[in-house]
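This is what each chain is made of:
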Amino acid sequence: MIDLLQLAAFNAAYAQAIDSDSLEQWPGFFTEDCHYRITHVENEAQGLPAGIVWADSRDMLSDRIAALREANIYERQRYRHLLGMPLVEAADEGTARARTPFVVVRTMHTGESDVFATGEYHDRFVRRDGRLLLAERVAVCDSTVTDTLLALPL
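Residues numbered from 1 in each chain as written. Predicted model: local features only at pLDDT ≥ 70, side-chain atom pairs only at ≥ 80, totals over all residues. Heavy atoms only, no water.

S.K.: How do you make sense of helix H1 (residues 4-19) when you look at a structure like this?
M.R.: Residues three or four positions apart in an α-helix share a direction because the helix packs 3.6 residues into each turn. Along its 16 residues, H1 runs 22 Å from first to last C-alpha, staying within 8% of the 22 Å computed at 1.5 Å per residue. Buried within H1 are the following residues: Leu 7, Phe 10, Asn 11, Tyr 14, Ala 15, Ala 17, Ile 18 and Asp 19. Residues of H1 that are buried in the fold lie against strand S1 (30-40), strand S3 (77-83), strand S4 (87-91), strand S5 (95-108), strand S6 (113-128) and strand S7 (131-141). With a side-chain oxygen lying 3.2 Å from the backbone nitrogen of Leu 5, the N-terminal cap of H1 falls on Asp 3. Asp 21, located one to two residues past H1, shows a positive phi value of around 65°. (Helix = DSSP H or I, 4+ residues; strand = E, 2+ residues; numbered from the N terminus. Expected span 1.5 Å × (residues − 1). Buried < 20%, exposed > 50% of the residue type's maximum accessible area, 1.4 Å probe, protein only. Contact = heavy atoms within 4.5 Å. Polar contact = N/O pair within 3.5 Å; in protein donor to acceptor, adjacent residues only side chain to side chain.)

S.K.: Even after reading the chapter, I still don't get empty space enclosed by the protein, so can you show me in this structure?
M.R.: With a probe scaled to a water molecule rolled over the atoms, the places where space remains empty come into view. The final tally for this structure, using the stated rule, is 1 cavity of 30 Å³ or more. Lining the largest cavity, in full, are Ile 18, Asp 19, Asp 21, Leu 23, Gln 77, Arg 78 and Leu 152. Elements that contribute at least two residues to the lining of the largest cavity include exactly H1 and S3. When grouped by side-chain class, the residues that make up the lining of the largest cavity number 3 nonpolar, 1 polar and 3 charged. (1 Å grid on protein atoms, 1.4 Å probe; cavity = no way out; pocket = protein on both sides within 12 Å on 5 of 7 lines; lining within 4 Å. Points joined across faces, edges and corners; volume = space filled by probe spheres on them. Nonpolar A, V, L, I, M, F, W, Y, C, P; charged D, E, K, R; others polar.)

S.K.: I keep staring at unusual backbone geometry and nothing clicks. Help me out?
M.R.: In most cases, non-glycine residues show a negative phi, while peptide bonds are predominantly trans. Although it is not a glycine, Asp 21 adopts a positive phi angle of roughly 65°. Secondary-structure assignment places Asp 21 in the loop between H1 and S1. Look at Asp 21 and you get partly exposed, because its relative accessible area is 37%.

Right, here's the structure in full:
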């Protein structure tokens, strides 16, 4: 059975990969045919599939990281994720659905830090070859205002 401790440990490792600038590890948290989206609470409440960021495969996530490293020009920044306890909505041996609140603090190259995003992950996990992976992660942000510097994954 996929349990709360496994989900919390997964989320901690996920956040650490982003926060430590090990972005090349990030796609490895997802299945090959995953769905990843960043949206806001109003779009989600209305069932609108549009997202600020949208990907439907691990390859798209890898391309996003390659673009960040090689092509995109953006102000250097770091994130620090503060994650709440996952609320497990359903779980069995091979799958789980959970919601996890998050706060992301962004620190710019100048040293200035601010609360960048707050919200909730809506997740669907699967166990593949003994590993827990995200089949779907929708980061539902509380604010409908999105900073144009959304470069790193949430």
